[in-house]
Amino acid sequence: MDNATPSVRIVHSGQACNVEEEHYSERVYTIKEGERLELQCLVTGHPRPQIRWTKTAGGVSDRPGDSSLLNETLRITSITRHQGGRYYCKADNGLGSPAIRSIRVDVYYLDDPVITVHQSVGEAKEQFYFERTVFLRCVATSNPPVRYFWRRGKEMLTQGSDSGVEIYEPFFTQGETKILKLKNLRPQDYAVYTCVASVRNVCDITDKSAHFSLSNNTAPPSIKLLLDDPLVVNPGELVTLVCVALGGDPPPNLTWVRVGEMDMELPRRSIVNGGILTIPGITVDDGGIYSCVASNHVGNPARKSTSVLVRALRKGRFWITPDPYHNDDNIQIGREVKISCQVEAIPPEELQFNWLKNGRPLRSSERMVITHTDTEVTPGNTNLDIIDLKFTDFGTYTCVASLRHGGIPEISIDVNISSTTVPPELMVPRGHSHLIAQEGDTVDLQCLVSGKPKPIILWSRVEEGGAAAAVVALMPDGSAQMESYDGILRIANLTREMRGTYRCQTSQYNGFNVKPREALIQLVVQFPPTVEPVYTEVRQALGRAFSLTCRLLQAHPARLLHYEWRLGSRLLTVGQFSEQRDETNYNVRALNREGYGEYTCDITNDAGIGRCTFLVTGKAYAPEFYFDTYRALWQNRPRVYSFKLQWTQMEPNAVDRILAYRLGIRQMGQSRWWEQEISMEGTIQKGELLTYNLTELIKPESYLVRLTPITRYGEGDATDRTISYNAPVNPHLREFQCGFEEEALCLFSQDKTDEFDWTRHSAATRDTKYTPNTGPSTDRTGSKQGFYMYIETSRPRLEGDKARLMSPTFNVATKSSASGAISPKTTYCFAFYYHMYGKHIGTLKVILKQKGQTVMDTSVWTLTGNQADRWRQAKVNIHPTTAFQMVLEGVRGPGIEGDIAIDDVTIEEGECKDPPPNNLRSLAPSSLRHTWQLCVTLTLALTGQWR
């Protein structure tokens, strides 16, 4: 069999509300939120195509997983509105262009509506007085767009039904909200209003409603906070925030929120009881702005906020500033020196500083000036200026920070001023400014710092930007800067990304406020060569030439790189890379049996080895079972059945010719395997369909079948599949009749891909009160108790909707000729009665669906329009060549008076006898259709079937 490019179509199962055609080749699949989505991608083609599901925006590209699924069936157990969008099924077998089909999944939902009440601008009062204009706005989120209906009490309100009421949709909301306007409020307007949101029962989504009682007391909310603002507390205290409603009708709902740059959650320990928020054991991190929000859907929500400040002191730092009027960083007698302290405080206005000298309080004087920054400035600073430094001024100065109201420990910072107090010096130890380490090592970067007091060392990383200024890069822990108190930066588990230039510099904090000292350290990270491919399987036939390539991606050091090729443990060749080369090749002119095995290429530098591995094998690729054909049964024996096994061979020309297949078969539930060999003559082509008949299979057991290709090299990759017994319907069709008198419908079934279903009814039970001018009044025989099938075209059916009724599957009865050959063509007569009465009658079609290696639909009969109130018979000759079904398709016309009915369906072997000329298409001119109707009338009259 020749190669065949892939084809694809999408079918659905699960909870579809509706499936309709869009743009010819695409479909819209409607589903209710929360229901199960199941889409199946049916493909044909040789070799068997690979299938992939993807999704475009329409929601986001979600899970499943990202939204790509290598499977024939896409399943979402409980679909959400965000998972709607267009799904694509792509089938590709490497022949021609991939086949792609799409289906748009539209998720329907309806949320509860919400009514909000507003007065006109400029008229807002505490209460809703007479002669004020009031708006009731109803909002509901839905898909499809929602429709709104208003009731006052039990009275339905419509535009124009009450001169004091207007109902309109503002232009800027594009129909998403519905507003009820009460002009110059009257006594009768005080009532209970109901907003009903409806999506017209699509997907069985019922209407939802909201209520609001408007009265003379109706008023927007107002609230009050029963606490101080700001509220200052100590850590660990129990904090209670109280919010009370002062007004509002209906009574407002009170909630608490925490305000920040982004929405912040309340502390985990919080307890909310209406307007009371309790935070036990409050911490510094719990501080912030808390808001009480009151809403009763009248006017705008009321909001009051308070700041909760949790007392804290943190980040105590100091620095020494030498005399700024002399160009000298040292502290000298007779010069000026300043000691500065910095502390962050909450609340900042409670921060206070005290100075001690050698443990005794120190007060501001002419020669020792104590100053503080503004208490509104955070963090807070205090300065001690010592003017005309004397020997007696040497000692320990202590800066003490505390909060006025106490509650937390104070912070003390000691600073020594003496003749040994000197500014810092910084240097890198000899031999440590250029470090070489290997990936995975631990390395210490060290800067020696002297001085008293010894400052904090700040580490940062720079990358040279050529002529541009250095660009700051991130440190190994992901931060921009790291602190060190001993001048050592330890980096564990080195990676190649950590190589570069590192800077150490002195900080002004806990040290001298002088120009920072700094030094640079260059870190070189060596790593083994990175190569590709890491592993590759190469399938090759004996006697052929091939080449293996190992490519160098990166390495450090990148010079003096050596390569070494081996087959197993046997050395093949060695060499050295030149600066111009980034790959090495090994060529085999003619593969022999000793040439099979594992080839390795090792590329080495001082840091290690990078290895490419190639497994050269003569194993054949796996066969691919072909699932597209129907499961043919051709043994008409009571206890056994046969099965036609079909497959294609994956890449048959990649290795030696396949000599045979080893066939293994095992009955499911058993452990014993039966094996036999299927010989292959000639060379198998890519995409060629191979066939083998399995016989003597026991009904109704299932079997596991394993197929293994064999070449001169030996056995290749095996493939398994399970085959199951399926009882055929009418295995040798001679005659079939159905009058739809039984509920089983003679094994007829409804097509799951259509828009609605055919209905089984009798005239005695069918209610034609609403559409009396359409449909039959009896079955085909004239009995009101007899049953028939018909399409109900009343709402919610739309013009063009299709209902498809499918017959059982029939196998073709084969005939043997004198030469013993099987004749492929058998003629059958398909006959049925139809009733097409009503001014809105659409179209009735008969379709022959053949189920060969591909499914093929062929229209064999079509009729459109009103055919009067009587049953008529149609006959058509069909010539199926494979198993087939007959499909009766009813298409809804432009209105509800368009019911089409069918009855007494028969299929008989042989040509139709005296068939009416019923194969004219509905696209013929009207005069031709009249001629057709006249022919039918004459035929019926001559055969005595006219009623």
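Student: If you had to explain the overall build of the chain to someone new, which residues and values would you point to?
Tutor: For the chain, the helix and strand inventory stands at 1 helix and 72 strands. Put simply, the chain has 947 residues, and 46% of those count as buried. Across the chain, the fraction of contacts at a sequence separation of at least 24, relative to all contacts at a separation of at least 6, is 69%. About 48500 Å² of surface is accessible on the chain, with carbon and sulfur atoms providing 49% of the total.

Student: Residue-level account of the state of the cysteines, with values.
Tutor: On inspection of all chains with the given rule, the structure shows 6 disulfides. A disulfide bridge connects Cys243 with Cys292, and the sulfur atoms are separated by 2.1 Å. Since a negative S-S torsion denotes a left-handed disulfide, the Cys243-Cys292 link at about -75 degrees is left-handed. On the criterion of sequence distance, the pair formed by Cys243 in strand E20 (residues 239-249) and Cys292 in strand E24 (residues 288-295) is long-range, its members being 49 residues apart.

Student: Residues and numbers for the packing of aromatic side chains, please.
Tutor: Taken as a whole, this structure holds 18 aromatic pairs when the rule is applied. When the ring of Phe391 is compared with that of Phe394, the centres are 5.6 Å apart and the planes differ by 65 degrees; the resulting orientation is edge-to-face. Using a relative accessible area of 64% as the deciding quantity, one classes Phe391 as exposed. Ring centres of Tyr788 and Trp871 lie 6.0 Å apart, and the angle between their planes is 70 degrees; this geometry places the pair in the edge-to-face category. Taken together, the residues Tyr788 in strand E63 (residues 787-790) and Trp871 in the loop between strand E69 (855-864) and strand E70 (872-878) connect sequence positions 83 residues apart. The buried category is assigned to Tyr788, whose relative accessible area is 0%. Exposure remark for Trp871: the relative accessible area of 14% places this residue in the buried category. In this structure an aromatic cluster arises from ring pairing among Phe546, Trp565, Tyr586, Tyr599 and Phe614. Just above the ring of Tyr109 sits the side chain of Arg81; from NZ or CZ to the centre is 3.7 Å. The cationic tip of Arg539 hangs over the ring face of Tyr621; the distance from NZ or CZ to the ring centre is 4.3 Å.

Student: Pulling in residues and values, what's your account of the sheet that holds strand E22 (residues 271-273)?
Tutor: If you trace the 4 strands from one edge of the open sheet to the other, you get E18-E20-E23-E22, paired in antiparallel fashion. The open sheet has two edge strands, strand E18 (219-225) and E22, and neither has a second partner. Taking the axes of each pair of neighbouring strands and ignoring which way they run, one obtains an average angle of 15 degrees across the sheet. Note that E22 and strand E23 (residues 276-279) share 3 bridges and pair antiparallel. Across the sheet, Asn273 pairs through a bridge with Ile276, a residue of E23.

Student: Provide a residue-level description of the pattern of salt bridges, including the pertinent values.
Tutor: Counted according to the given criterion, the structure contains 40 salt bridges. Here Asp393 and Arg367 are joined by a salt bridge, their closest N and O atoms 2.6 Å apart. Remark: Arg367 occurs in the loop between strand E29 (360-362) and strand E30 (368-372) and Asp393 occurs in the loop between strand E31 (380-386) and strand E32 (395-403); sequence separation between them is 26 residues. On the basis of relative accessibility, which here comes to 2%, the residue Asp393 falls in the buried class. Its relative accessible area of 25% is what places Arg367 among the partly exposed residues. Between Arg539 and Asp717 there is a salt bridge, and its shortest N-O distance comes to 2.5 Å. With Arg539 in strand E45 (residues 535-539) and Asp717 in the loop between strand E58 (714-715) and strand E59 (719-723), this residue pair connects regions lying 178 residues apart in the sequence. Taking relative accessible area as the criterion, Arg539 reaches 9% and is therefore assigned buried. Salt bridges sharing partners connect three or more residues here, namely Asp751, Arg804, Lys845, Lys849, Asp857 and Glu889.

Student: Explain the side chain of Ser102 residue by residue, including any values.
Tutor: Within the secondary structure, Ser102 is located in strand E8 (residues 99-110). Assessed through its relative accessible area of 6%, Ser102 is described here as buried. Among the polar contacts made by the side chain of Ser102, one reaches the side chain of Arg86 at a distance of 3.5 Å.

Student: Report on a nonpolar patch on the surface, specifying residues and quantitative values.
Tutor: On the surface, a cluster of nonpolar side chains totalling about 190 Å² of accessible area is made up of Val257, Val259 and Ile289. When you line up the elements, Val257 lands in strand E21 (residues 253-259).

Student: Which residues make up the pairing of strand E7 (residues 85-92), and what are the values?
Tutor: Alignment of strand E5 (residues 50-55) against E7, held across 6 bridges, turns out to be antiparallel. Each bridged residue has a counterpart across the sheet, and for Thr54 the counterpart in E7 is Tyr88. The pairing of E7 with E8 spans 7 bridges and is antiparallel. Residue Arg86 lies in a different strand from E8, and its bridge partner there is Arg104. Connecting E7 to the antiparallel partner E8 that follows it, the hairpin turn spans 6 residues, and Gly94 within it adopts a positive phi of roughly 85 degrees.

Student: Summarise the confidence of the model for the chain; cite the residues concerned and give the values.
Tutor: With 85% of its residues at a pLDDT of at least 70, the chain reaches an overall mean of 84. With pLDDT under 50 throughout, residues 466-471 is counted as low confidence; its partners more than four residues away or in other chains account for 5 contacts. pLDDT under 50 marks residues 815-823. Its contacts with residues more than four places away, or in other chains, come to 8 contacts.

Student: An account of the environment of Leu226 is needed here, citing residue identities and associated values.
Tutor: For Leu226, the location among the structural elements is in the loop between E18 and strand E19 (231-233). Sequence spacing of Leu226 and Thr240 is 14 residues, and the spatial spacing of their C-alpha atoms is 9.8 Å. Other than its neighbours up to four places away in sequence, Leu226 contacts Val242 and Val244.

Student: Now, about the sheet that holds strand E53 (residues 640-649): what can you tell me, with residues and values included?
Tutor: In space, the 3 strands of this open sheet follow the order E52-E53-E56, with antiparallel pairing throughout. Every other strand in the sheet has two partners, leaving strand E52 (623-625) and strand E56 (690-698) as the edge strands with one partner each. For this sheet, the mean angle separating the axes of adjacent strands, direction not counted, is 35 degrees. One ladder, built from 7 bridges, connects E53 with E56; its direction is antiparallel. Bridge pairing in E56 places Phe643 opposite Leu694.

Student: Now, about the environment of Gly316: what can you tell me, with residues and values included?
Tutor: By secondary structure assignment, the location of Gly316 is in strand E26 (residues 312-321). Taking relative accessible area as the criterion, Gly316 reaches 35% and is therefore assigned partly exposed. It is 5.7 Å that separates the C-alpha atoms of Gly316 and Gln342, two residues lying 26 residues apart in sequence. With residues near it in sequence (within four places) discarded, Gly316 still touches Gln342, Val343 and Ile413.

Student: Explain the environment of Arg662 to me, using residue names and the numbers behind them.
Tutor: Position of Arg662 among the secondary structure elements: in strand E54 (residues 660-667). The exposure class of Arg662 is partly exposed, given its relative accessible area of 27%. Once the C-alpha coordinates of Arg662 and Ile710 are considered, the two residues, 48 residues apart in sequence, prove to be 7.2 Å apart. The residues contacting Arg662, other than those within four sequence positions of it, are Glu675, Gln676, Glu677, Arg706, Leu707, Thr708, Ile710 and Glu715. A polar side-chain atom of Arg662 sits 2.7 Å from a polar atom in the side chain of Glu715.

Conventions used here
Residues numbered from 1 in each chain as written. Predicted model: local features only at pLDDT ≥ 70, side-chain atom pairs only at ≥ 80, totals over all residues. Heavy atoms only, no water. Helix = DSSP H or I, 4+ residues; strand = E, 2+ residues; numbered from the N terminus. Buried < 20%, exposed > 50% of the residue type's maximum accessible area, 1.4 Å probe, protein only. Contact = heavy atoms within 4.5 Å. Areas by Shrake-Rupley, 256 points an atom, 1.4 Å probe, with all protein chains shown as cover. Disulfide = S-S within 2.5 Å. Phe/Tyr/Trp six-rings, centres within 6.5 Å; stacked < 30°, edge-to-face > 60°. Lys NZ or Arg CZ within 6 Å of the ring centre and 35° of its normal. Pairing = 2+ DSSP bridges. Axes fitted to C-alpha atoms, helices over the stretch in contact; angles between N-to-C directions. Salt bridge = Lys/Arg side-chain N within 4 Å of Asp/Glu carboxyl O. Polar contact = N/O pair within 3.5 Å; in protein donor to acceptor, adjacent residues only side chain to side chain. Patch = residues over 30% accessible without salt bridge, like charges linked within 9 Å, V, L, I, M, F, W, Y side chains within 5 Å. pLDDT = per-residue confidence, 0-100.

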